[in-house]
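As a plain string of letters, each chain reads:
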Amino acid sequence: MTFQTIEVRPLAGALGAEVGNIDLSAPLSNQMRDEIHQAFLDNLVIVFRDQKLTPEKQVEIAGLFGKPAIYPFLQGLDGAPEVHELLKTAEDEVNFGGNWHSDTAYRECPDMGTLLYAHEVPDVGGDTLFTNMYLAYDALSDGMKEMLKGLTAIYSSEKGYDGKRAEKMKSLDGLKDAVQAEIETFESEHPVVRTHPETGQKALYVSKSHTLRFKDMTVEESTPLIDYLSTFAVLPEFTCRVDWQPQTLVIWDNRCTKHLAVDDYAGQRRRMHRVTVEGVQPL
């Protein structure tokens, strides 16, 4: 597509683009909205630099893509409950989101997209990695694709937490005051290969973080294939890396990407505001 109101500069061959020549705090024309959405579908991850956004404006921008969601595990901000703060303090030894995953894959209708806005970033480090799950699926052998056809998996919010998700989240200094008093457990069934509802493309939909097992199989039987697919999906040729600067907004498509927050800035702060957008049941 030829863009007339925005500039789109690819970040890598696999996915990702920086979008320029736009002020998201100002009113957007219908053409701008359409072009932003097309850039999102084309590139899967879009990056906007030097944007001065209030929490309310971030929610408004999320509305360009659908209905802003309420995250079930953290309290939202006063006046903007759809926005929650992801803070890693200088005292925290681990970060939030430091493993490859797609946001809320464990829900019946996982969030379709995520908007993350940077307020404070470390001097060096704290980047986010993304991988293109279209490319990962396309690169599988015909035999593997045939085996995965029709395969359903169980996705769990408790994988890796052993029923202690709230306790582990509260152990993070930057999140302890925002963790909900009661945390619900989510478990859902989704296809291992999902079809994007807007593009019609097939994407691998599996991760070590949330995929517990395959339907009608045990965890022990399922783990070797889950591990293989999860590792294969993040080969370097499928990925891009986004470096953060203050006032950067990144929007990504959870239906066809996974991401990982790199934890390489010990002793420094990183403060972000996140909004997700409601999705549909994967097919």
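Every residue gets a number counted from 1 within its own chain, in the order that chain's sequence is written. Residue-level local features of this predicted model are given only where pLDDT is at least 70; pairs of side-chain atoms are given and counted only at 80 or more, and the full residue set underlies all totals for whole chains, interfaces and linings. Side-chain numbers here rest on the full set of heavy atoms in the structure, without hydrogens or water.

(A) Focus on the sheet that holds strand 12 (residues 239-242). Pairing between two strands requires that DSSP report at least two bridges joining them. Helix numbering and strand numbering both begin at the N terminus, where a helix is a DSSP run of H or I of at least 4 residues and a strand a DSSP run of E of at least 2. With antiparallel pairing, the 3 strands of this open sheet are ordered in space as 12-6-14. Every interior strand has two partners, whereas the edge strands, strand 12 and strand 14 (257-261), have only one. The sheet shows a mean angle of 20 degrees between the axes of neighbouring strands, direction not considered. Where strand 6 (residues 128-132) and strand 12 come together, 4 bridges link them in antiparallel fashion. Of the residues in strand 12, the one forming a bridge with leucine 129 is arginine 241. What counts as an axis is a line fitted to C-alpha atoms, over the stretch in contact for a helix, and the angles between N-to-C directions run from 0 to 180 degrees.

(B) Molecular detail of the pairing of strand 13 (residues 249-253). Working definition: with a 1.4 Å probe on protein chains only, accessible area under 20% of the residue-type maximum means buried, over 50% means exposed, and in between means partly exposed. Within strand 13, 5 of the 5 residues are buried, leaving the element largely enclosed by the surrounding structure. Bridging between strand 3 (residues 45-48) and strand 13 involves 4 bridges; their strand directions are antiparallel. Residue pairing for strand 13: isoleucine 46 is matched across the bridge by isoleucine 251. Of the strand pairs in this sheet, strand 5 (residues 113-120) and strand 13 are connected by 5 bridges, and their pairing is antiparallel. Residue pairing for strand 13: glycine 113 is matched across the bridge by aspartate 253.

(C) Molecular detail of the side chain of arginine 270. Along the chain, arginine 270 falls in strand 15 (residues 270-277). Counted as positive: Lys and Arg. Counted as negative: Asp and Glu. His and the chain ends are not counted at all. The working definition used for a salt bridge is a side-chain nitrogen of Lys or Arg within 4 Å of a carboxyl oxygen of Asp or Glu. Lacking a salt bridge, the buried arginine 270 has aspartate 127 as its closest oppositely charged neighbour, with an N-O distance of 7.4 Å. A polar contact is formed between the side chain of arginine 270 and the backbone oxygen of glycine 126, at a distance of 3.1 Å. Apart from the residues within four sequence positions on either side, arginine 270 is in contact with Leu86, Leu87, Lys88, Glu120, Pro122, Gly126, Thr128, Trp244 and Tyr265. Think of a polar contact as two N or O atoms within 3.5 Å of one another; within protein, one of them needs to be a possible hydrogen donor and the other a possible acceptor, and neighboring residues in sequence only count if both atoms come from side chains. Should any heavy atoms of two residues lie within 4.5 Å, those residues are considered in contact.

(D) Layout of the pairing of strand 5. Within strand 5, 6 of the 8 residues are buried, which leaves the element mostly enclosed by the surrounding structure. As paired strands, strand 5 and strand 15 are joined by 7 bridges and run antiparallel to one another. When the bridges of strand 15 are listed, alanine 118 appears paired with methionine 272.

(E) Summary view of the sheet that holds strand 7 (residues 152-156). An order of 8-7-11 is seen for the 3 strands of this open sheet, with the pairing classed as antiparallel. Strand pairing shows two members of the sheet lacking a second neighbour, strand 8 (187-191) and strand 11 (211-214), which therefore form its edges. Strand after strand, the sheet turns through a mean of 30 degrees between neighbouring axes, direction not considered. Where strand 7 lies against strand 8, 5 bridges are found, and the strand directions are antiparallel. Following the sheet pairing, tyrosine 155 is matched in strand 8 by serine 188.

(F) How the structure looks around the packing of aromatic side chains. Between 30 and 60 degrees the pair is tilted, below 30 it is stacked and above 60 it is edge-to-face, where a pair is any two Phe, Tyr or Trp rings, Trp via its six-membered ring, whose centres lie within 6.5 Å. In this structure the tally under the stated criterion is 9 aromatic pairs. Consider the rings of phenylalanine 73 and phenylalanine 186, whose centres lie 6.0 Å apart with planes at 75 degrees: the pair is edge-to-face. On the criterion of sequence distance, the pair formed by phenylalanine 73 in the loop between helix 2 (55-62) and strand 4 (84-88) and phenylalanine 186 in the loop between helix 5 (165-170) and strand 8 is long-range, its members being 113 residues apart. This pair shows no difference in class: phenylalanine 73 is buried, exactly as phenylalanine 186 is. Ring-pair connections join several aromatic residues into one group, and the members of that group are Tyr71, Phe73, Tyr106 and Phe186. Either the NZ atom of lysine or the CZ atom of arginine qualifies as a charge over a ring when it sits within 6 Å of the ring centre and within 35 degrees of the ring normal. Its guanidinium or amino end placed over the ring of tyrosine 71, arginine 274 lies 4.6 Å from that ring's centre, counting from NZ or CZ.

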